[in-house]
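Next come the chains, spelled out residue by residue.
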Amino acid sequence: MQKNNVQQIQLRENKLKKLSLSYYVNVQDTDIALLFLSPTLNPIKYFHQLKSICIDRNYTLVVPTQIGNTQDTELCIDNVLNVVKDVKDRFNVKKIYISGLSGGGRTAAIIGCTWPNLFQRIITICGTHPITPFMNTKDIIDSKVTIHTVTGSKDKLRKECKFLHEYCFNILPNVTSYHEIQNLGHEIPNDVDLNKLF
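Residues numbered from 1 in each chain as written. Predicted model: local features only at pLDDT ≥ 70, side-chain atom pairs only at ≥ 80, totals over all residues. Heavy atoms only, no water.

So, about the environment of E160. Along the chain, the position of E160 falls in helix α5 (residues 158-171). Overall, E160 belongs to the partly exposed group, its relative accessible area being 28%. (Helix = DSSP H or I, 4+ residues; strand = E, 2+ residues; numbered from the N terminus. Buried < 20%, exposed > 50% of the residue type's maximum accessible area, 1.4 Å probe, protein only.)

This is the structure we're talking about:
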């Protein structure tokens, strides 16, 4: 596959709903991938927002379809795990950072904290709702994954994000961090701020 070229990889139809599961990928010459979960079913807008920083950092960018807020959580989890397996097999990726915005950030936190051995870093951006039932504390400590909660001073869900971080910090103080970006709303930060996180 040609490097630095946007491709859409078709995986399969979902079992529960006849929707096509695919992902957008921008392959780099690296063994690190950023897996970004969108709050919408059509994530191409977020793919283009993150593409330049991933090129700068030499990360392969992977953005799955069919992960939006309107999808069933179990279906989203199943889709993401299938994408993770395919990306590792197809592109020889060794390290995956999982991230997402809003409901995608929540899903990233759920998956990352349930299967921490699959990831090196969990980055929730304006990720909502506590993930208390999904914490796999022993495996998180053993895996050395780090958990980063990102929100903005103007994020409508800033309090929920802070609660998520405080819960994680109380259990896992050595692997969690909280970043509140000034003047950021419920959105992806600019490249300067993202550079500090990725």
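Time to look at the side chain of S99. Assignment of secondary structure puts S99 in strand β5 (residues 95-101). A distance of 2.8 Å separates a polar side-chain atom of S99 from the backbone oxygen of I123. Residues in contact with S99, not counting those within four places in the same chain, are L34, L35, F36, L37, G104, A108, I123, I125 and F198. (Polar contact = N/O pair within 3.5 Å; in protein donor to acceptor, adjacent residues only side chain to side chain. Contact = heavy atoms within 4.5 Å.)

Attention now moves to helix α1 (residues 44-57). Each α-helix winds once per 3.6 residues, and so residues spaced three or four apart point in a common direction. In this model α1 runs 20 Å from its N-terminal to its C-terminal C-alpha over 14 residues, within 8% of the 20 Å that 1.5 Å per residue would give. Helix geometry: α1 is bent most strongly at L50, by close to 40 degrees. Immediately beyond the C-terminal end of α1, within one or two residues, lies N58, with a positive phi of roughly 60 degrees. (Expected span 1.5 Å × (residues − 1). Bend = angle between axes of the 7 residues up to and from the residue.)

Read these as spatial facts, not as claims about activity.
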